[in-house]
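# Coordinates in review
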Amino acid sequence: MEDSIETILQNKTTKFLYSDKPSSWLPCLASGITASIYAFWAVFVFPGIRKVPVSLRVPYLPSCKPQTANILKLLNGREGKFVDLGSGDGRLVFSAVSLGLQCTGYELNPILINWAKTLAWWRGISPNQATFLKQNFWEVDLSQYKNVTVFLAPNAMETLEKKLSAELPDDARVIVCRFPFPHWPHTCTEGASLDQVWAYDVMRLKGSLLHYRKQQPCT
């Protein structure tokens, strides 16, 4: 009888220690990791995004080294003020500074813009060379800039065409990464596939811009 009781206890202990049921901590761990990643992504990518209309919202997409190199080729020899619309961590602004351009970056994400300012200080770049502004560029008059870089999503490009055509001077050049303008004919291009960038010279667009200048400016 004692042997039977001992055997039963051993069997119950064995089932408790080596249960063949799935471990309940694995789904909890996976959920926790997913929630942490999402929270970091939401904080890092989208602060200030509520200031922008839903149709124009674009997440943070940093340009890679080949894209940056292609942009510099299309900026080479240019003069006048430079602006990056949605400057992120400032990498395109810093690259344009190396060409001797007076640069400005517009960015709504406070984390990214503070990081860009920190990098500028660390690299010894003065505010006269590069300025980072926490402003919604859709609400800014861009008429002072002759060199514009853009890395936005396709949903924003048509509206941006209208804004730039209404505000930029005739000798301005616009350079876009990955997603070209839907209606503008480009002047030249560099790179291929995901690294391709396009340059648009406003002077050459005069005929095609007449349609947009007759419309109301975007809001």
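From a predicted model like this one, the values you see are computed outputs, not experimental measurements.

## Here we look at unusual backbone geometry
Although it is not a glycine, R178 sits at a positive phi angle of roughly 65°. The backbone phi angle of S193 is positive, close to 55°, even though this residue is not glycine. Structurally, S193 can be placed in the loop between β6 (188-190) and β7 (197-201).

## Some details on the side chain of N109
Within the secondary structure layout, N109 lies in the loop between β2 (103-106) and α5 (110-122). N109 gets classed as buried once you look at its relative accessible area, which sits at 1%. A distance of 3.2 Å separates the side chain of N109 from the backbone nitrogen of L112, its partner in a polar contact.

## Thoughts on the pairing of β2
For a regular strand, the rule is simple: side chains alternate between the two faces of the sheet. Because side chains alternate across β2, one face comprises the buried residues C103 and G105, and the other comprises T104 and Y106, equally buried. Pairing analysis gives 4 bridges linking strand β1 (residues 82-85) to β2, with the strands arranged parallel. Bridge assignment links F82 to a residue of β2, and that residue is C103. Taken together, β1, helix α4 (residues 91-97) and β2 constitute a β-α-β crossover, and its handedness is right-handed. Pairing between β2 and strand β3 (residues 130-133): 4 bridges, direction parallel. Each bridged residue has a counterpart across the sheet, and for T104 the counterpart in β3 is T131.

## Some points on the sheet that holds β3
Strand order in the open sheet made by the 7 strands is β3-β2-β1-β4-β5-β7-β6, with mixed pairing throughout. Both outer strands of the open sheet, β3 and β6, are each paired with one neighbouring strand and no more. On average, each strand axis in the sheet is inclined to that of its neighbour by 20°, with strand direction left out of account. Summarising the sheet, β1 and strand β4 (residues 147-150) pair through 4 bridges and their orientation is parallel. Across the sheet, the residue bridging to D84 is T149, located in β4. Strand contacts of helix α3 (residues 65-75): β1, β4, β5 (173-177), β6 and β7, with the helix running at about 25° to β7, the strand carrying the most contacts.

## Remarks on the nonpolar core
With 25 residues, the main nonpolar core has L85, V150, L160, L164, V174 and F181 as its most contacted residues. A per-element tally of this core places helix α6 (residues 154-167) first, with 4 residues. Counting residues in hydrophobic clusters, the runner-up holds 23 residues, among them V93, C103, I125 and I175.

Reading the values: the criteria
Residues numbered from 1 in each chain as written. Predicted model: local features only at pLDDT ≥ 70, side-chain atom pairs only at ≥ 80, totals over all residues. Heavy atoms only, no water. Helix = DSSP H or I, 4+ residues; strand = E, 2+ residues; numbered from the N terminus. Buried < 20%, exposed > 50% of the residue type's maximum accessible area, 1.4 Å probe, protein only. Polar contact = N/O pair within 3.5 Å; in protein donor to acceptor, adjacent residues only side chain to side chain. Pairing = 2+ DSSP bridges. Right-handed = clockwise from strand over helix to strand, strands pointing away. Axes fitted to C-alpha atoms, helices over the stretch in contact; angles between N-to-C directions. Contact = heavy atoms within 4.5 Å. Core = buried A, V, L, I, M, F, W, Y, C linked by side-chain atoms within 4.5 Å.

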